[in-house]
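# Descriptive analysis of the structure
Each chain, letter by letter, is given below.
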Amino acid sequence: MSAAPRTSPQGASWDRALLILLAVLAASMVLATRQLIVPFPQNAAWFESSALFPSLMLALAAVGAVVEAFRRRLPQPTTGSDELDASQARIGLAVAILVLFGLYMWAVPQLGYMSSTLLFLLSSSRVLGFGWRTTFALSLPMALAMWWVFAKVLKVHFGHGIWL
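Reference entry: report on the structure contained in this document. None of these values were measured; they are calculated from a predicted model. (Residues numbered from 1 in each chain as written. Predicted model: local features only at pLDDT ≥ 70, side-chain atom pairs only at ≥ 80, totals over all residues. Heavy atoms only, no water.)

## Looking at helix H4 (residues 113-127)
Stated formally: Secondary structure follows DSSP: runs of H or I at least 4 residues long count as helices, runs of E at least 2 residues long count as strands, and numbering of each begins at the N terminus. The span one expects for a helix is its residue count, reduced by one, times 1.5 Å. The cut-offs for exposure are 20% and 50% of the maximum accessible area for each residue type, with area from a 1.4 Å probe on protein chains only; residues under the lower value are buried, those over the upper are exposed, and the others partly exposed. Pairs of residues are marked as contacts when any of their non-hydrogen atoms sit within 4.5 Å.
Here H4 contains 15 residues, and its C-alpha end-to-end distance of 21 Å stays within 8% of the 21 Å for a straight helix at 1.5 Å per residue. Residues of H4 that are buried include every one of Tyr113, Met114, Ser115, Ser116, Thr117, Phe120, Leu121, Leu122, Ser124 and Ser125, and no others. Its buried side turned inward, H4 meets helix H3 (91-111) and helix H5 (132-153). Immediately downstream of H4, the backbone of glycine 129 shows phi near 95°, a positive value.

## Concerning the pattern of salt bridges
Rule in force here: The working definition used for a salt bridge is a side-chain nitrogen of Lys or Arg within 4 Å of a carboxyl oxygen of Asp or Glu.
One pass over the structure, following the stated rule, counts 1 salt bridge. Put simply, glutamate 68 and arginine 71 hold a salt bridge, and the shortest N to O gap is 3.0 Å. One end of the pair, glutamate 68, and the other, arginine 71, are both in helix H2 (residues 52-71), 3 residues apart, so they sit about a helical turn from each other. We classify arginine 71 as partly exposed; its relative accessible area is 36%.

## Observations concerning a nonpolar patch on the surface
Our working definition: Only residues whose relative accessible area exceeds 30% and that take part in no salt bridge are eligible for patches, with like-charged residues grouped when within 9 Å of each other and nonpolar side chains (Val, Leu, Ile, Met, Phe, Trp, Tyr) grouped when within 5 Å. Each accessible area value is a Shrake-Rupley result obtained with a 1.4 Å probe; residue values ignore everything except the protein chains displayed when judging cover.
The grouping of Trp14, Leu18, Leu21, Leu22 and Leu25 at the surface amounts to a nonpolar patch, some 540 Å² of accessible area in total. Take leucine 25: it is sitting in helix H1 (residues 14-36). Its relative accessible area of 43% is what places leucine 25 among the partly exposed residues.

## Side note on the side chain of serine 139
Note the threshold: Pairs of N or O atoms are called polar contacts if they sit within 3.5 Å, as long as, within protein, a hydrogen donor faces a hydrogen acceptor (for residues adjacent in sequence, only side-chain-to-side-chain pairs).
Here serine 139 shows up in helix H5. On the basis of relative accessible area, serine 139 is assigned to the buried category, the value being 2%. Here leucine 121 takes part through its backbone oxygen, which lies 3.3 Å from a polar atom of the side chain of serine 139.

## A closer look at the packing of H4 against H5
This is how the line gets drawn: Every angle, taken between N-to-C directions, lies between 0 and 180 degrees, and every axis is a line fitted to C-alpha atoms, over only the stretch in contact when it is a helix. Angle categories: roughly parallel below 35 degrees, roughly antiparallel above 145, roughly perpendicular from 65 to 115, and oblique for all the rest. Should the near helix be turned counterclockwise from the far one by less than a right angle, the crossing is left-handed, whereas a clockwise turn marks it as right-handed. Three classes are used: nonpolar for Ala, Val, Leu, Ile, Met, Phe, Trp, Tyr, Cys and Pro, charged for Asp, Glu, Lys and Arg, and polar for all others, with Gly counted as polar.
Two elements in contact, H4 and H5, have axes whose closest approach is 9 Å; the angle formed by their N-to-C orientations is 150°. Here H4 is positioned roughly antiparallel relative to H5, judged by the angle of their axes. The two elements H4 and H5 cross, and the hand of that crossing is right-handed. Touching Tyr113, Met114, Thr117, Leu118, Leu121, Leu122, Ser125 and Arg126 of H4 are Trp132, Thr135, Phe136, Ser139, Leu140, Met142, Ala143, Leu144, Met146, Trp147 and Phe150, all from H5. Here the contact of H4 with H5 is built from residues that sort into 14 nonpolar, 4 polar and 1 charged.

Here it is, written out as structure tokens:
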């Protein structure tokens with residue numbers, strides 16, 4: 001027995017419209033990424049570009065939104081679900097991490113990649129409720145590993161911060 005679709009495949013629904021809007025916004029931001037990231041050397045190789053990873057993530061978000069919008073046109077089973085329970089969401093915590101990430105994006109060209117990554121990992125670990133020992137045990141090696149991979153191996157340009 002097939003379950004009825006959540007919304008009519010013929011008509012538009014607010015959730016599919018929102019997904020398409022998000023896909024269009026993400027795709028347009030992919031095209032504008034080089035102009036949004038400053039300072040940005042225009043002659044950098046594609047794999048050294050600081051716009052590579054944001055562009056990839058925005059493209060992934062755009063494709064995911066289109067796939068999800070299409071998936072919502074199909075009938076959904078009424079059996080058990082693997083979806084998260086939205087009643088368990090901690091919106092304040094999510095907003096705090098988003099604010100910290102926004103500050104991190106601002107801090108990278110100001111302070112440098114290594115120092116701003118370490119500060120972001122330390123502060124977000126504390127916001128998430130990790131103990132000090134766990135915070136330092138995770139944050140310091142992860143910041144060093146990320147700096148080594150992105151700055152030294154991939155040679156991604158992050159601007160000239162006042163620190164490392």
